[in-house]
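Summary of structural features
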Amino acid sequence: MKKSLEDHAARFDELAGEYDDSNSDEYRACANLVIEHAAPEADDIVLDLGTGTGAIALALAPGAKRVVGRDISEGMMTEAEAKAESEGLENLEFGRGTFREPDYDDDVDVVTSNFALHHLSDTEKREAIDVIAALEPRKFVLGDVMFFGEPDPEEPFYSPEVDDPATVGTLADAFTDAGFSLTAVERVHDQVGVLVAERTPAEADGVTGDDADDETNTGE
């Protein structure tokens, strides 16, 4: 991480009031894809990390049992809470949490995040994905700044002084190593995309491939 959590929180606190109006078309396209791929069922619990002003959380709440938003910026979450109240949504909860310490240990079915993970170093991203995998969601939908080709600071979405995006390959390896399988890769821009990582039913139930084979082979 190129800046401390406190620095990032302070920066987003300052941006909170104008954040929604400042987002690019690519950001909105990315958010829409995250929402589309998340597609929670009526009894699903969603954990939205780096929830910001709640764009993803609020969009998913009507179709989910419960949505939990986590962020480091109090200012951004204040905006999210105000929007939830205005829309009459009561199945949302917002609180402080990070990718590696989400302050959440209850059931979760779907994890989402949009334009937040890229602030972590590649090593920290791996740690975060491992933490999320330990919560045993069936699906993790990540929209973010990520490199499909060579990094180019002259192109939009990548500011080396505050951002530390990974290549798509690096993220794919981290998901795979954590027990996920990539089921979709959406390229929004050369430096922006959406990854959908899912666990097979056997993995989601805590049964490995070898265990499943053993169960199949022991029937008489």
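It should be noted that the structure appears before, not after, this text.
The rules we used
- Residues numbered from 1 in each chain as written.
- Predicted model: local features only at pLDDT ≥ 70, side-chain atom pairs only at ≥ 80, totals over all residues.
- Heavy atoms only, no water.
- Helix = DSSP H or I, 4+ residues; strand = E, 2+ residues; numbered from the N terminus.
- Buried < 20%, exposed > 50% of the residue type's maximum accessible area, 1.4 Å probe, protein only.
- Contact = heavy atoms within 4.5 Å.
- Salt bridge = Lys/Arg side-chain N within 4 Å of Asp/Glu carboxyl O.

**Thoughts on the environment of Met 146**
- Here Met 146 is to be found in strand E5 (residues 139-147).
- The exposure class assigned to Met 146 is buried, which follows from its relative accessible area of 0%.
- Sequence separation between Met 146 and Phe 115 is 31 residues; the distance between their C-alpha atoms is 9.5 Å.
- Residues in contact with Met 146, not counting those within four places in the same chain, are Pro 165, Ala 166, Val 168, Leu 171, Asp 190, Gln 191, Val 192, Gly 193, Val 194 and Leu 195.

**Points about the pattern of salt bridges**
- Applying the stated criterion to the full structure yields 9 salt bridges.
- Linking Asp 106 and Arg 66 is a salt bridge whose minimum nitrogen-to-oxygen distance equals 4.0 Å. Here the residue Asp 106 occupies a position in the loop between strand E3 (92-96) and strand E4 (110-114), and Arg 66 occupies one in strand E2 (residues 66-71), the gap between them amounting to 40 residues.
- In this structure Arg 66 comes out as partly exposed when scored by relative accessible area, which is 26%.
- Between Glu 93 and Arg 70 there is a salt bridge whose closest N-O contact spans 3.1 Å. Of the two residues, Glu 93 is situated in strand E3 and Arg 70 in strand E2; the sequence distance between them amounts to 23 residues.
- Residue classification places Glu 93 among the partly exposed residues on the basis of a relative accessible area of 28%.
- If you follow the salt bridges from partner to partner, you end up with Arg 66, Arg 70, Glu 93 and Asp 106 in one network.

**Section: the side chain of Lys 125**
- Turning to its location among the elements, Lys 125 is positioned in helix H6 (residues 122-134).
- In this structure, Lys 125 is in contact with Leu 117, His 118, Leu 120, Asp 164, Pro 165, Ala 166 and Leu 171, ignoring residues within four places of it in sequence.

Read these as geometric descriptors, not functional statements.
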